[in-house]
Amino acid sequence: MSTHSTRIIVSVIGQDRVGIIAAVATILAGSQANILDISQTVMQDLFSMIMMVDIGKASVPFEELKRRLADKGAEMGIRIDAQQEDVFRFMHRL
């Protein structure tokens, strides 16, 4: 049994606009990735969101999902990034 987590962290930041959450959720659902938790806020016109997503049953590899999210972000003029949960936790440890 692998101890490697199947969870990833998806982060979104950019100018607030209609459809950001829907666009990200559509890509995740289309890849059979499950949103476990979501936190989002808007400060003035700046949108930020962090999602915890389970990709254990995803229909595409992590790198492909990461590319699809980044491409959608570029199309929408925002930044969408995905990291393996363990990498995210290591980079943001206190």
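Residues numbered from 1 in each chain as written. Predicted model: local features only at pLDDT ≥ 70, side-chain atom pairs only at ≥ 80, totals over all residues. Heavy atoms only, no water.

Position of S31 among the secondary structure elements: in the loop between helix 1 (20-30) and strand 2 (34-43). A relative accessible area of 0% places S31 in the buried class. (Helix = DSSP H or I, 4+ residues; strand = E, 2+ residues; numbered from the N terminus. Buried < 20%, exposed > 50% of the residue type's maximum accessible area, 1.4 Å probe, protein only.)

Here we take up the environment of K72. Along the chain, K72 turns up in helix 2 (residues 62-76). In sequence terms K72 and I27 are 45 residues apart; their C-alpha atoms lie 8.6 Å from each other. For K72, the residues in contact, after removing those within four places along its chain, are A23, I27 and I80. A polar contact is formed between the side chain of K72 and the side chain of E75, at a distance of 2.9 Å. (Contact = heavy atoms within 4.5 Å. Polar contact = N/O pair within 3.5 Å; in protein donor to acceptor, adjacent residues only side chain to side chain.)

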